[in-house]
Structures are given as structure tokens and as C-alpha cells.
Amino acid sequence: MSRRKLPQSRQGTPASRPASRRQLLRGALLSLGLLAGALGAAEARTVRIISADTLELRQVDGQELVIITGENVELRVDDDVVRARRVEFNRTRRTLTLVGTARYTTAKDGQDLRGENLVVDLGAEQITGEDVLISDAALEIRGSEVERIPGQLRATGSYFTTCARCGRTPNDFAFRAERLIVYPGDRLVAYRAQFLIVDVPVLFLPVLVLPLNDADRQPRLMIGRDAVDGNVVEADLPFSIGASTLGTTLLRYYENRSPSFGAGVALRSFAPLPFVDRVNLYTLANPRPRAADGTVQPGYDLDFDLSVRGRLPLSEAVRDLDYRLDVVRRDIGKSATDPTRGVTNVNFGARVEYPRFTAEFNYVDRFGPKATTAISPVLKEPEVIIDPKLYTNGTLSLDTRVSAGQYTGQSNPLSRSATEQGVNITTSRLEEQHDLSYSAQPWPGAELRLRNTFTGRYYGTGARTVDLLLSSELTQRFNVDNTLTFGARYLRREGTSPFAFDAISGRLLSAPVSISLSTVPVKDVQFGVSYTRDLFLEPKDQAPLGITLNINRLPLNLSASLQHNIDTGELQDFRYNVTLSDPNAATVKVTPAQPATATSPARPASTTRSSPWPFPNLSLNATGGYTRSAGLLPFRVSATVTGDLRSNYFTVYAVNDFKTRPLSEVGTTFSLSTTRDVVLNPITLAGRETFYLEPARMSGEFSVTWRNYRAATTHDLRLDPPAGATSSGTVTFSVGTVSGSATNWNLVYGGPYDLRRGGFTAPTLTATFRTTRPGQTLGLVAVVNVAGLDQKRTELVRVDADTSWQFGTRAALSGRVLYSRTRAGTYPDDKATDTLTFTPLQATVAIGGSDTEKPGAYLTGSLRQTFVWVDGVRQNPIPISPVIGLTIDRCCWALQAEADFGLRRYRLAVGLPGQSFYPLFDLTKDGFDIPLLP
């Protein structure tokens, strides 16, 4: 036996002992190679020492022990945390024994185990101990003996409750059981259990099952009555098989179906067999529903869904072979004429990666009635894919892929031989793809690129398709900015596939040869020419010659492009954009004088400007062009004057579309802001106005903004409206706050306006208000129809109010109320229809509690109802039907009661941690629903 102790000279005084221990530990950790190797061999679980004081290596009865001690020993087992004062690691048995009081916290499910003499089996991933306290987000469990294995936690002599974290003594309710099994995240099963209220036994239960967190895994019982099926019963009963399989038994009963009983199962299993990671199964044989005419349809509808995922280790493979299997059949809910009824789809795939290639195997098939419509997805019976890794050698690269198999899919409508076999066709197919590229520099300044891509498909019917590309490109660079490029390509696409899913889009035979020049002849000028000619096209179908010109020399900025067909002599396209502007033209750059030196003469001072543009605040722009199909494009010219502030500008523009004489459109836009007192009293005047000459129309918007307030007017009017029009357009005036503030309000007046009669025809006044504060939101909208030329009444037609208001911690009001009025008929005999809708309006009041404690109950009242009056007469004289709810919150449990007087529905539910409210009963006028209580 060997023992390592701290040297006496380094232990120091008691006050300095913790610091010296940490220093020693840092040195000791450097010598833990043997220990790390031993721990790392423990079934691939990684153990790291975070803090410790001493290490001992012992040999006891032929077993190797590593003793780790300290005031606060902390280890990490993968991501789990271990804390104790003494840990004994048995290298032979691969166990960790936590001597004395210890704590083990799991990272996966957040469980915290505290107890005496915990034993951690690294190989089986088990934990055992005595007098253990287990806690997580929902439960606290105490057990005299506890064992934790993957997927389960077992305890004997246990006491558990969800109220332990609420701070009440004694707990509102708890359970005591002889034996307990917890499936984390699913359920808790207790045998020979006692139900305790304030720690007093009130009920004995042979078996108790509590669902945890997963709502889909909770037991359910639904009893009701249907007009067609009669009495209906649905039951979902959870079960488990071993430690890795969780399932639910599905039971169904329909009184008026034949047969009346149905059954199924839904389960999921984690690693049930070697090389199988997960299995999901859902199957249900449900009695067939009655036909539309009420006729009984004997037999069952079957739903079957099997999913298997797994891995298989293979020698020499980069990683394990991954495989998947899906078997699906869906009959429930489908009519007897549905072509997919009775069809079972099978999809199997496997993929493995080796250092030099990747291989795939796919099998997709269907079983059942013969397909009478197009099959989708395509069946692969089977398919094999070989995908070698990318090969590179210098600048040469090659990527290939080969697949082969037998396929069944929709026939290609363009293939006569395929369509003769029916809507679907089955045949074999071989596909080869490759992409070969090479680049080189044959001489200085030159770059050569070569590429070949090919996709060939060969079918058992004798058909084939080819998609070929050969390309070469040689680029010569002169100086830095000048390039000359020669290119040549050969494209060939031909053949007809018997399948629709891989059909190619038409035949292609092309051999374009191209040349392009890009040069900078002088500074700030870029000129380009490009031309492509296809050796297989007629002259009239050749691409045009392209020319581009860009000049960026202040104050001129010019961009132009031209496309000219040199075979036909026609101009295809011409566009230009010219701008004259230099905002820095007034800035003078001074170069100071330089005295004479031995090598250079004296230089006088000089001044320079960015350009000779005489108007720094003026910008001129012109755009236009021509296309062969549309003729001359609209010519637009604009002038913009900018103030000392860039935000101040005034722009005028005119457009000539060469159809309207002399102009088609003129307009102006501007934005003016004060230059003084811009922080406290900023004022901005902005607007736009556009005049369209044919048809004559004016459209614009003007606004004044001061601080957070804005006044604006908009209009869109036809100056010569067509005969019979009741208005010329719309005009509005508004005043309010700028959007984006916490409190906004706005008033808008306007509507249709008739220039000939000089007034509004049917104006409206709209007021909006919305304010938002922490916990408070209020919005109001009111619309009033104002009397006008065609609107004879002034009346309120719409009010929309919505709020969410929190009054401290005791009360809250939320909801929306909407009132609207419409009229039908001719004035003055028209009748009003008024509608008042609550969607919903809800008030909540807290009961009990204090300033330091949360309320114990909440009373809620809500109203979701619509009232209608026609000419003042109520149309739906039903009483007000609110929904009243009471929620009692006791931290670890809650009771909720709800009464809907309108629907005559009454509910009672209980809520437990980790789940929403669990219904105890649901009573309606049509029946009742009672879940299966655990």
C-alpha cells in the first residue's frame, strides 16, 4: 500500500491551509495521468476531479482503490456533479463510493440526490444509497434505500410530495409508499401507498400512478354521446415494459358501429435491442364509421406507424452505419374511394461512410391495392448509391457519383413508350454524374479554367438522357484594371426519360463563344465590351453586342449601357443615368509653400478644389433610354437644392413619356427644418406634390412636425372626373402625435371630395388614442360619420376599445369591446343595424394573501357575446351569459372551477406541478367527460 500525504512544511497555518491546499492540488492534478486513464476506461464515462485535498493509492484484496478526500471534494462524471468529503474509486469494479453525507446532481433531468454512502456504478450507470433525499423541479422524495438506473429511480420506504418547496409545515398533501419507481419526465408509480393530508393518512391505495410533465402520456377517459355513433367511450391507459419502453393502450367503443370495440397501442422504446437506438410504434384498429347515408360499414380502419432508428458498427468505417425504417398505413378518416386507402408504405434507408467513399442503400415500396394514380414519392426497389470523396491533385479536382436501382414512378407524358404502360412505369435506371475542373496560369497575367460536367441516365427500356457541359475560359490581365477574356462552351442536353420525376426540360445544343474586354482607359472612366456568338444559332437569334460606360469624375457621374445586334443592325436596348453634383465643390484645399532644398526647387502655396462645379448645393439628374419592344423610355429630369443642413432639400422634377404633350408628369418634394433651437423646439415642414397631365390628377401630402406633434393633410384628386362620378377623390386633414411614443393620439377628418360641387360628399371624423405603460395598455378608436353632400346624418358608427390594465397585484381588467352601426335602405327611410361585441371582456380579482404573500385564490369573470339591434329592436333576446371562474392556488396544487352560463358547460379541474390543469369532470348539455383518475 502506498499513501501520499501533504508535506508538513507545506501545510501552513490553519488560516492559510485552504490556499495551500489549492496550490498543492494544482500540482497534484498534473500527476493524475494514471488516475485519469483508469477513470476514462470506465465504460467511456469521463470523470474529472474539480477539487480535492489528498489522493491515496491502495491494494485491498487484489482490488485497486483510489481514495480522494478533502473538505469539499467535487468530481464531474460526464456532466453530472458529485460532492462529498471522501470518495473511494474502485478501479477493479469501476465504482465510486461516496462515504458519509454526499450529493449527486444529474445534468440530464435536473435531479438532486442527497444521502448517506451513495454508490455510483460507472459501468451500469446506477446509483444506490441510504436515507436519500431526491428533488427536482416538481417532486421531493425521501427514501430509506434508493437505486437509480438509466431511465428509472427506485426507492423503498419513501415519502414524496410536490409541496416541499412551498414552505408550509406540514405539507398540504403527500404520499408514503413501501416501494416507488420514478420514470423521469413520464410518471411515478407507487405500490402500497398512503395518501396523507397535512401528514394524516386518509386513504390507502394498492397502486398509485402520477403523470409527470408529458401531457400525451397521461391517462385519459372520455365518455360522451354522438348523434350518429350513440354512446362513445375513449380510454388511453399508460404502461411500461422494463426500463426503456413506455406505451399507452388505446381502447375505443362506439355503440352504433359494427363491431363496436376498437383497440391499439402507442409506444416508444429507447435502445430495446443491440444496434437499435429507438423504436416508435402507433397502431389503432378503429371500427369503421357509418356511411354518409347512415348505412353500417362493418370492419375496421387501421392506422399503423412504425419507426425504427439505429446504428451498426462496421470495421474500417469512419462512423457507424446509420439505418432507418418507416412503415406507415393510414385508413382512419379516409373515404372508401380514396386511392391511398389500404396502402402500406415502407421506407428503409442505410448509409455508411468510409475514408474513400460513402455508400447508401434505399428501399421504398408500397403494398396494397394497385395504384390508379401517379405514385409519389417514387418507389425504389431498391436503390444503391456510391459517392466517392472529392479527388484533388493541385488545381485538378474530380467529384463523381453513381446510383443504380429499380424505380416505379409516374410516366413521363412526353414518352410514348412509357405512357403506353399506364400512369406509372417500372424499370431499372443507372445514373452517373461527374464534375471535373482544372485551372492553370500558362504565362504571367493569364489564367486558364477548364471544366466538364456530365449527368447520364440509362434506363432498362433502352432510353437514355444526357446533360453535358464543356467549358474553357482564358483571362489575360493587363496592368491592374484591364482584362481580356475569351470563353468557349459546349452544352448538350438530349434524351427522353420514361419517368416524370427526372425528365429533362427540352433538348439543348449550344456552342457559345464569347469575348469580353473591361478597361480603364483614363482615370475615373471604365469601359466594357462583350459579345457572344453561338455556333448553332441563326444570325437573327444571336445575342447582341454589349457596351457599358461608367464615368465617375466630379461633378459628373454617368452610367450607360447599350445592346446592339450586329447581324440585323438593330439597337436592342439603351439606358443612361447622368448626375451633375459636387457638394464639396466650395471646399478649398490649401497646399502650403515648400522652400527650396538641395534637390528640389521652391514651390509656392497652391489651392485646389474637388471640381469646378459652381453650385455646391445644386444637384441635376437625368435618366432615360430606349428598348426595341417599348420604344423610348420616359425621360425624367430633376433638380435638387440642398441647404446647409443635409436634411433640408427642395426637389423639382418633370417626366416626359413621349406620349403626352408636352409633359406627362411634374412634381416636387421638399423637407425644411429649423436651424436654430433644434433640440428644444425642432420644426420640420415636409411635403410632396405630383401633377399628372393625362388624365389630369393631383396627389400630394404636406405635414408640419413640432416636437412630438404632427399636423398633416393628404389629397388625391382627379381634376376632370368621368361623368357620373360622385367624387373627385379624397382629402384628409389630421393632427396628433408622432407614432412610436408611449402615448399616441390622432384626429383625422376627411373623405371623398367633389371639386365640382365644392365639398365633402361623405366625410368621417376618426379619433384614436393608445397609451402603454408597464402592465397597462389602453386603446380607443371612435369613428363619426359627418353630414356632407351625399351623407345626410351625423352619427357615431364605430367604437373600438381594448385594454389590459393591471391594478397593483389585486385586480386586472382586459378585453375588447366593439360597437358598429350600418345602414340599409334609402334616406330618410334607411334602417340602422347596431352590433355590440365583447371579444371577450375579462376582469380578475385576487382574494387572500398579503403584501408579502401571493394571493391564495383568483375570481375571474369574462363575457364573450354579441348583441344586435335593428332599428332599435333587439334581435337575439338571450340573457347576458358570462363565464365565471374560480382558481385556488396553493403553490403545489391548484383547483379551478368554471361555469359558462351561455353554453351551459361546467368544468372542474386540478393542477399539479409539471402539467396544466387536469380535468376532473366536464359537464355540458350534450354529455359529460370524466378522465381516468390515477
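- As annotated in an unreviewed UniProt entry, the protein chain carries the name LPS-assembly protein LptD and comes from Deinococcus navajonensis.

## Notes on the side chain of arginine 366
- Along the polypeptide, arginine 366 turns up in strand S22 (residues 357-367).
- No salt bridge forms around the buried arginine 366; measuring N to O, its nearest opposite-charge neighbour aspartate 365 is 7.0 Å away.
- Polar contacts involving the side chain of arginine 366 include one to the main-chain carbonyl oxygen of proline 369, which spans 3.0 Å.
- Those residues within four positions of arginine 366 in sequence are excluded, and the remaining contacts are Pro339, Val343, Thr344, Asn345, Ala371, Ile375 and Leu379.

## Observations concerning the nonpolar core
- Counting 41 residues, the largest nonpolar core has Ile68, Val87, Tyr104, Phe160, Leu180, Leu188 and Ala190 as its most contacted members.
- Core analysis: the second largest hydrophobic core is formed by 12 residues, Val279, Leu306, Ala317 and Val327 among them.

## Considering the pattern of salt bridges
- In this structure the tally under the stated criterion is 47 salt bridges.
- Put simply, aspartate 303 and arginine 330 hold a salt bridge, and the shortest N to O gap is 3.6 Å. You can see aspartate 303 sitting in strand S19 (residues 300-312) and its partner arginine 330 sitting in strand S20 (residues 321-330), a full 27 residues away along the chain.
- Since its relative accessible area comes to 8%, aspartate 303 is described here as buried.
- Two residues, glutamate 898 and arginine 907, come together in a salt bridge whose shortest N-O distance is 3.9 Å.
- In the salt-bridge network here, residues are joined through shared partners; they are Arg793, Glu795, Arg821, Arg823, Asp830 and Asp834.

## Considering the confidence of the model for the protein chain
- For the protein chain, mean pLDDT is 86; residues scoring 70 or higher make up 89% of the total.
- Residue range residues 1-44 is modelled with pLDDT below 50. Its contacts to residues more than four positions away, or to other chains, number 43 contacts.

## Comments concerning unusual backbone geometry
- Put simply, leucine 554 and proline 555 share a cis peptide bond, and its omega is 5°.
- Mapping proline 555 onto the fold places it in the loop between strand S33 (545-553) and strand S34 (556-565).
- The step from glutamate 694 to proline 695 runs through a cis peptide bond, and the omega angle for that step is -10°.
- Relative to the helices and strands, proline 695 resides in the loop between strand S42 (683-693) and strand S43 (696-706).
- Positioned with a positive phi, arginine 192 is a non-glycine residue whose angle comes to about 50°.
- Tracing the backbone through its elements, the reader meets arginine 192 in strand S12 (residues 187-197).
- Phi is positive for valine 198, which is not a glycine, with a value near 45°.
- Residue classification places valine 198 among the partly exposed residues on the basis of a relative accessible area of 42%.

## Quick notes on the packing of aromatic side chains
- Counted under the stated rule, the structure contains 20 aromatic pairs.
- With 5.3 Å between their ring centres and 45° between their planes, phenylalanine 499 and phenylalanine 501 make a pair best called tilted.
- Considering the side-chain rings of tyrosine 753 and phenylalanine 760, the 5.0 Å spacing of their centres and the 80° angle between planes classify their relative orientation as edge-to-face. Both residues of the pair, tyrosine 753 and phenylalanine 760, belong to the buried class.
- The structure contains a cluster of three or more aromatic residues connected by ring pairs, namely Phe160, Phe173, Phe175 and Phe195.
- Its end group placed over the ring of tyrosine 191, arginine 179 keeps NZ or CZ at 4.3 Å from the ring centre.
- The positively charged end of arginine 257 is found above the aromatic ring belonging to tyrosine 254, 3.9 Å away from the centroid.

## Observations concerning a nonpolar patch on the surface
- Side chains of Leu672, Ile683, Leu685, Val704, Trp706, Tyr709, Val735, Trp745, Leu747, Leu765, Phe769 and Leu780 sit close together on the surface and give an oily, nonpolar patch of about 950 Å² of accessible area.
- Counting residues per element, the ones that place at least two in the nonpolar patch are S42, S43, strand S46 (743-754) and strand S48 (764-773).
- Looking at isoleucine 683, the relative accessible area reads 37%, which means it is partly exposed.

What counts, and at which threshold
Residues numbered from 1 in each chain as written. Predicted model: local features only at pLDDT ≥ 70, side-chain atom pairs only at ≥ 80, totals over all residues. Heavy atoms only, no water. Helix = DSSP H or I, 4+ residues; strand = E, 2+ residues; numbered from the N terminus. Buried < 20%, exposed > 50% of the residue type's maximum accessible area, 1.4 Å probe, protein only. Lys, Arg positive; Asp, Glu negative; His and termini not counted. Salt bridge = Lys/Arg side-chain N within 4 Å of Asp/Glu carboxyl O. Polar contact = N/O pair within 3.5 Å; in protein donor to acceptor, adjacent residues only side chain to side chain. Contact = heavy atoms within 4.5 Å. Core = buried A, V, L, I, M, F, W, Y, C linked by side-chain atoms within 4.5 Å. pLDDT = per-residue confidence, 0-100. Phe/Tyr/Trp six-rings, centres within 6.5 Å; stacked < 30°, edge-to-face > 60°. Lys NZ or Arg CZ within 6 Å of the ring centre and 35° of its normal. Patch = residues over 30% accessible without salt bridge, like charges linked within 9 Å, V, L, I, M, F, W, Y side chains within 5 Å. Areas by Shrake-Rupley, 256 points an atom, 1.4 Å probe, with all protein chains shown as cover.

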